[in-house]
Amino acid sequence: MHMIVYALVEESTADEALSTGKNVFDRLVGAEPDSCAVFDYYVTFDEEETTVAGKARWGDLPTAAPVTSDEGEELLERAWETTAETFQRNLDRVKTALEERSDDEIMRDEGLARHAFQQVGASRGPSICLYDQHATGIRHRGHLDRLLEETDEHERETCWIVPADVHF
């Protein structure tokens, strides 16, 4: 399956932001020695050669956009909405499993209950689509707001959002 994930990075230029974003995505696919793969591969939106991922799958997205720009605000809003919707969908599945299934049924993972529990608690992978520049998943709005607030008005100009198509 494919999904779009986003990296929030601090850099001076779009090229530097894309490079740092690729470092984040490298960690998420296990390309770094100290990283653990949570996705199979990624394609950024500057890549033209692929016919199954990136632009070919999702259309034109910016390769990197300042979070203060219209494009950046739109990407950030899309990323946060996806995060919140995915969390709520998994949390609803957990609540339903707790209400409708016995402990033994949950232990056997009937209705993928244990999978839903895992997704609610995940810090990386398909249930998280927004990452900071250290490849740490941004799991709640307070974390995102803190990252955005830690950059003063001048530094906001250097905060970029970089999208990538990932396969899992």
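Scroll up a little and you will see the structure.
Residues numbered from 1 in each chain as written. Predicted model: local features only at pLDDT ≥ 70, side-chain atom pairs only at ≥ 80, totals over all residues. Heavy atoms only, no water.

Draft legend 1. View of the nonpolar core. In terms of nonpolar packing, the biggest core is built from 38 residues, with Val5, Phe25, Leu130 and Ile161 touching the most fellow members. Elements represented by at least two residues in this core include exactly strand E1 (2-10), helix H1 (14-28), helix H3 (70-100), strand E4 (130-131), helix H6 (141-149) and strand E5 (159-167). Counting residues per element, this core draws most heavily on E1, which supplies seven residues. If sequence neighbours within four positions are ignored, Val5 has contacts with Phe25, Phe39, Ile128, Cys129, Tyr131, Val162, Pro163, Ala164 and Val166. (Core = buried A, V, L, I, M, F, W, Y, C linked by side-chain atoms within 4.5 Å. Buried < 20%, exposed > 50% of the residue type's maximum accessible area, 1.4 Å probe, protein only. Helix = DSSP H or I, 4+ residues; strand = E, 2+ residues; numbered from the N terminus. Contact = heavy atoms within 4.5 Å.)

Draft legend 2. Examining the packing of H3 against helix H5 (residues 113-121) more closely. Relative to each other, H3 and H5 sit at 140°, their axes nearing to 8 Å. Classed by the angle they form, the pair H3 and H5 counts as oblique. Here H3 runs over H5; the crossing is left-handed. Each of Phe87, Asn90, Leu91, Arg93, Val94, Ala97 and Leu98 in H3 lies in contact with H5, whose residues at this interface are Ala113, His115, Ala116, Phe117, Gln119 and Val120. (Axes fitted to C-alpha atoms, helices over the stretch in contact; angles between N-to-C directions. Parallel < 35°, antiparallel > 145°, perpendicular 65-115°, else oblique. Left-handed = near helix turned anticlockwise from the far one by under 90°.)

Draft legend 3. Structural view of the side chain of His143. The residue His143 is located in helix H6 in this model. Residue His143 is classed as buried on the basis of its relative accessible area of 13%. Apart from residues no more than four positions distant in its own chain, His143 is found in contact with Asp132, Thr136, Gly137 and Ile138.

Draft legend 4. Spotlight on the state of the cysteines. A full pass over the atoms with the stated rule returns zero disulfides. For Cys159, which is in no disulfide, the shortest distance to another cysteine sulfur is to Cys129 and amounts to 15 Å. (Disulfide = S-S within 2.5 Å.)

Draft legend 5. Structural view of H5. When H5 is considered as a whole, its buried residues turn out to be Ala113, Ala116 and Gln119. What you see down the axis of H5 is that its buried residues fit within an arc of 120°, all on one side. On its buried face, H5 sits against H3 and helix H4 (103-107). (Arc of directions from axis to C-beta.)

Draft legend 6. Structural view of unusual backbone geometry. Positive phi outside glycine occurs at Asp109, with the angle close to 65°. In this structure, Asp109 sits in the loop between H4 and H5. Look at Asp109 and you get partly exposed, because its relative accessible area is 25%. Phi angles above zero are rare outside glycine, and Ala135 is one such case at about 65°. With relative accessibility at 4%, the residue Ala135 sits in the buried group.

Draft legend 7. Looking closely at H6. Within the sequence span of H6, burial applies to His143, Leu144 and Leu148. In a view along the axis of H6, the buried residues occupy a sector of 130°, so they form one face of it.

Draft legend 8. Region of the structure containing the packing of aromatic side chains. All told, the structure shown has two aromatic pairs when counted by the stated rule. On the numbers, 5.5 Å between centres and 50° between planes, the contact of Phe25 with Tyr42 is tilted. With a gap of 17 residues between them, Phe25 in helix H1 and Tyr42 in strand E2 (residues 41-44) connect regions that are remote in the sequence. Owing to a relative accessible area of 1%, Phe25 belongs among the buried residues under this scheme. With 6.5 Å between their ring centres and 70° between their planes, Phe39 and Phe168 make a pair best called edge-to-face. A residue pair is termed long-range when its members are at least 10 positions apart, and Phe39 in the loop between H1 and E2 and Phe168 in the segment after E5 qualify at 129 residues. In this structure Phe168 comes out as partly exposed when scored by relative accessible area, which is 30%. (Phe/Tyr/Trp six-rings, centres within 6.5 Å; stacked < 30°, edge-to-face > 60°.)

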